[in-house]
Amino acid sequence: MEVRIEPSWKLLLADEFEKPYFSLLADYVRREYSQGTCYPPAKLIFNAFDLCPLDRVKVVIVGQDPYHEPRQAEGLSFSVPDGVDIPPSLRNIISEIDSEYGTHNLSGGSLRSWARQGVLLLNSILTVRAHQAGSHQGVGWETFTDRVISELNKHRKNIVYMLWGSYAQHKGALVDIHDNLILKSAHPSPLSAYRGFIGNGHFRKANEYLIAHGIEPIVW
């Protein structure tokens, strides 16, 4: 199956795109986009991969599914385009960076600058129906993103995985803890951030790990 995705990821995942489940997933997504409004825009479904080639990945931040309201989703976990109101979870993420570093390097809510530095902003589910959170759950995306993590673990090491909340933490089982750093905490949602996300120190810990392994840190 022809999938428009950054070349290094396309090569790595070539056999995944040929599996029967992925064909069914692609048909489902095409049908959903043709029959109603879905997010992100179709051209941005694989944006996390397009902005962060395989050999540049330093950090992986796992989200659940895209924002489901107009203008929010841009194919990157937790990110919204600049000029869009910053959602509560992202606001807490930015506040945590400020508490660790005293400032942040973002101009708004878009995390594209992180992606370009090597942060794979990976949602477990890559599409969603408008106004219906979780509406594309269980149609195949979880299988695909599990394979992404597994292949990343197989071909790369010394990567920092930020897994916030129990949903994201399930992906941690696919990662070798001896060759990578796994950082876990509560989700940054206002409903749970006070249970361990606030004050987790993840952004500084990530950079300390990268520096210790001779890798350029992220400018958060």
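Attention in this report is confined to the structure presented alongside it.

The rules we used
Residues numbered from 1 in each chain as written. Predicted model: local features only at pLDDT ≥ 70, side-chain atom pairs only at ≥ 80, totals over all residues. Heavy atoms only, no water. 1 Å grid on protein atoms, 1.4 Å probe; cavity = no way out; pocket = protein on both sides within 12 Å on 5 of 7 lines; lining within 4 Å. Points joined across faces, edges and corners; volume = space filled by probe spheres on them. Helix = DSSP H or I, 4+ residues; strand = E, 2+ residues; numbered from the N terminus. Nonpolar A, V, L, I, M, F, W, Y, C, P; charged D, E, K, R; others polar. Pairing = 2+ DSSP bridges. Axes fitted to C-alpha atoms, helices over the stretch in contact; angles between N-to-C directions.

## What about the layout of surface pockets?
The method is simple in principle: a probe with the dimensions of a water molecule rolls over the atoms, and the space it marks as empty is what remains.
Okay, so step 1: The volume enclosed by the largest pocket comes to roughly 580 Å³.
Okay, so step 2: In terms of lining, the largest pocket is formed by 29 residues, of which the most central are Gln 64, Asp 65, Phe 78, Ser 89 and His 187.
Okay, so step 3: Among the secondary structure elements, those contributing two or more residues to the lining of the largest pocket are strand 2 (59-63), helix 4 (88-101) and helix 7 (166-169).
Okay, so step 4: Ranked by residue count, the leading element in the lining of the largest pocket is helix 7, at three residues.
Okay, so step 5: Of the residues in the lining of the largest pocket, the class split is 13 nonpolar, 13 polar and three charged.
Okay, so step 6: Of the pockets and cavities examined, the second largest pocket occupies roughly 450 Å³.
Okay, so step 7: What lines the second largest pocket is a set of 16 residues, and nearest its centre among them are Arg 4, Arg 30, Ala 42, Ile 45 and Phe 46.
Okay, so step 8: It is helix 2 (residues 20-35) that provides the largest number of residues to the lining of the second largest pocket, a total of six residues.

## Things to note about the sheet that holds strand 5 (residues 160-164)
Okay, so step 1: Read from one edge of the open sheet, four strands run 3-2-5-6, paired in parallel fashion. Sheet topology places strand 3 (119-123) and strand 6 (181-185) at the edges, where each strand pairs with a single neighbour. Each adjacent strand pair in this sheet contributes to an overall mean axis angle of 20°, direction not counted.
Okay, so step 2: Two strands pair when backbone bridges link them, and strand 2 and strand 5 are joined in this way by four bridges, in the parallel orientation.

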